[in-house]
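Topology and contacts: notes
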Amino acid sequence: WRRLGQRISTNCNNDSKGVNCTITDDYGGQDMIRQVLSALYDHSDGTLYIGTHAGGVARLVGLGAAIDTGYVDIVDALEWEWMNDGLGSLAAGLVVPELKIFNGTIYALLTGDAPNYTNKNITGIYHWDRDQEVWILHRGSIQWPEGVHTSYDLWIYPTSFDIDTATGTMWMTDMNAAFNYLASGIWKSTDDGVTWTRVQQYTHPFQTKVVGSRVYVTGEWSISRWGAAAEDDSDWGWGGLLYSDDAGVTWKKNNAVPLLANGAGATIDPNDSGMIFYTYFGGGMMYGPVPP
């Protein structure tokens, strides 16, 4: 195993969620980030992107060419560079849990800078404008969910996103945080983020994924600690291994899986489209048939 590229100090901020700009390593560089949360490799140009816990997004240009030549010293000499223009203030801590690419465009999810949530008005899905070298936010009008108190803030802690490339529909989930009672859930936009509608309340969702015409959302089964099932306990909100076959109009729960609590993600078996992997926070992984 080798570290990719030299660490960088550009934009390093000692006040940003525990980042220590003075830490040195064997290569004489400085501490780049506290934690890498997501990674994305663009095969079209050989660039590696990472989303971090505090520093935003960085890229390693030229990795593909270096690998193709087989020269390890070239890989070691590559330098990471930040690409945070448009994401907001670095001082708040730019937390990027997901990076994805659709039709050649890089997308990133900016989530809340807990516990203060100072960036609550600019969280959401961004795309990278390659010409202008800036992130563009897809957050227009958010329709207020029925029954949610107007004193709460929306989208303070987004957790996952996906895009249906066949229709252009954007999907995003956010988690209940800072006592925003029943304000989180599954969100949908059919106009490139100009307007957003919550199609299902969900208290603690961790991942959303589009597979063909189906949308999967996984997360906690119930936040109740007193044995009440989420589907029968409206006071605590919905959860579980959800899926929708009608663009979010209705949702079903895959209750055939032996382990229902703390779902972290769903992945279709690339060798058998009739089988699915469910991963769990603190619970390992399960494998079985996709829901009918």
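Below is a short write-up of the structure. Fair warning: this is a prediction, and the values are worked out from it, not measured in the lab. (Residues numbered from 1 in each chain as written. Predicted model: local features only at pLDDT ≥ 70, side-chain atom pairs only at ≥ 80, totals over all residues. Heavy atoms only, no water.)

Looking at the environment of Val215
You can see Val215 is positioned in strand β15 (residues 214–219). Spatially, the C-alpha atom of Val215 lies 7.3 Å from that of Ala247, the residues being 32 residues apart in sequence. The residues contacting Val215, other than those within four sequence positions of it, are Trp171, Thr208, Lys209, Val210, Leu242, Tyr243, Ser244 and Trp251. (Helix = DSSP H or I, 4+ residues; strand = E, 2+ residues; numbered from the N terminus. Contact = heavy atoms within 4.5 Å.)

Looking at the packing of aromatic side chains
Following the criterion strictly, the structure yields eight aromatic pairs and no others. Taking 5.6 Å as the distance between ring centres and 65° as the angle between the ring planes, the aromatic pair formed by Phe102 and Tyr107 counts as edge-to-face. Judged by relative accessible area, which is 12%, Phe102 ranks as buried. Judged by relative accessible area, Tyr107 falls into the buried class, the value being 11%. For the pair Trp155 and Trp187, a centre-to-centre distance of 5.9 Å together with 75° between the ring planes defines the contact as edge-to-face. Separated by 32 residues along the polypeptide, Trp155 in the loop between β9 (141–142) and β10 (158–163) and Trp187 in strand β12 (residues 185–189) bring together distant segments of the chain. Side by side, Trp155 and Trp187 carry an identical accessibility label, which is buried. Linked through ring pairs, Trp155, Trp187 and Trp196 together constitute an aromatic cluster. Over the ring of Phe161 we find Lys100; its NZ or CZ atom is 5.2 Å from the centre of that ring. The ring of Trp238 has Lys253 sitting right over it, with the charged end atom 4.3 Å from the ring centre. (Phe/Tyr/Trp six-rings, centres within 6.5 Å; stacked < 30°, edge-to-face > 60°. Buried < 20%, exposed > 50% of the residue type's maximum accessible area, 1.4 Å probe, protein only. Lys NZ or Arg CZ within 6 Å of the ring centre and 35° of its normal.)

What about the layout of surface pockets?
The gaps left among the atoms become clear once a water-sized probe is rolled over them. Estimated volume of the largest pocket: approximately 240 Å³. Taken together, 13 residues form the lining of the largest pocket, with Leu37, Val95, Pro97, Thr111 and Tyr157 sitting closest to its centre. Only β5 (95–102) and β10 provide two or more residues apiece to the lining of the largest pocket. When its residues are assigned to classes, the lining of the largest pocket shows eight nonpolar, four polar and one charged. (1 Å grid on protein atoms, 1.4 Å probe; cavity = no way out; pocket = protein on both sides within 12 Å on 5 of 7 lines; lining within 4 Å. Points joined across faces, edges and corners; volume = space filled by probe spheres on them. Nonpolar A, V, L, I, M, F, W, Y, C, P; charged D, E, K, R; others polar.)

Comments concerning the sheet that holds strand β7 (residues 124–129)
With antiparallel pairing, the four strands of this open sheet are ordered in space as β5-β6-β7-β8. Across the chains shown, the open sheet's two edge strands, defined by having one partner strand only, are β5 and β8 (134–137). Averaged over all neighbouring strand pairs, the angle between strand axes comes to 30°, with direction disregarded. Judged from the six bridges that link them, β5 and strand β6 (residues 105–111) form a sheet pairing that is antiparallel. (Pairing = 2+ DSSP bridges. Axes fitted to C-alpha atoms, helices over the stretch in contact; angles between N-to-C directions.)

Things to note about the pairing of β10
Looking along a regular strand, one sees side chains alternate from face to face of the sheet. Counting buried positions along β10 gives six out of six residues, so the element sits mostly inside the fold. What sits between the antiparallel neighbours β10 and strand β11 (residues 170–174) is a turn of six residues, in which Gly168 has the positive phi angle 85°.

Here's the deal with the sheet that holds strand β18 (residues 263–268)
Taken together, the three strands give an open sheet; going across it, the order is β18-β19-β20, and neighbouring strands pair in antiparallel fashion. Both edges of this open sheet fall to β18 and β20 (284–289), since each of them pairs with a single strand only. Taking the axes of each pair of neighbouring strands and ignoring which way they run, one obtains an average angle of 20° across the sheet. In the sheet, strand β19 (residues 275–280) pairs with β20 via six bridges, with the strands oriented antiparallel. Among the inter-strand pairings, Met275 is bridged to a residue of β20, identified as Pro289.

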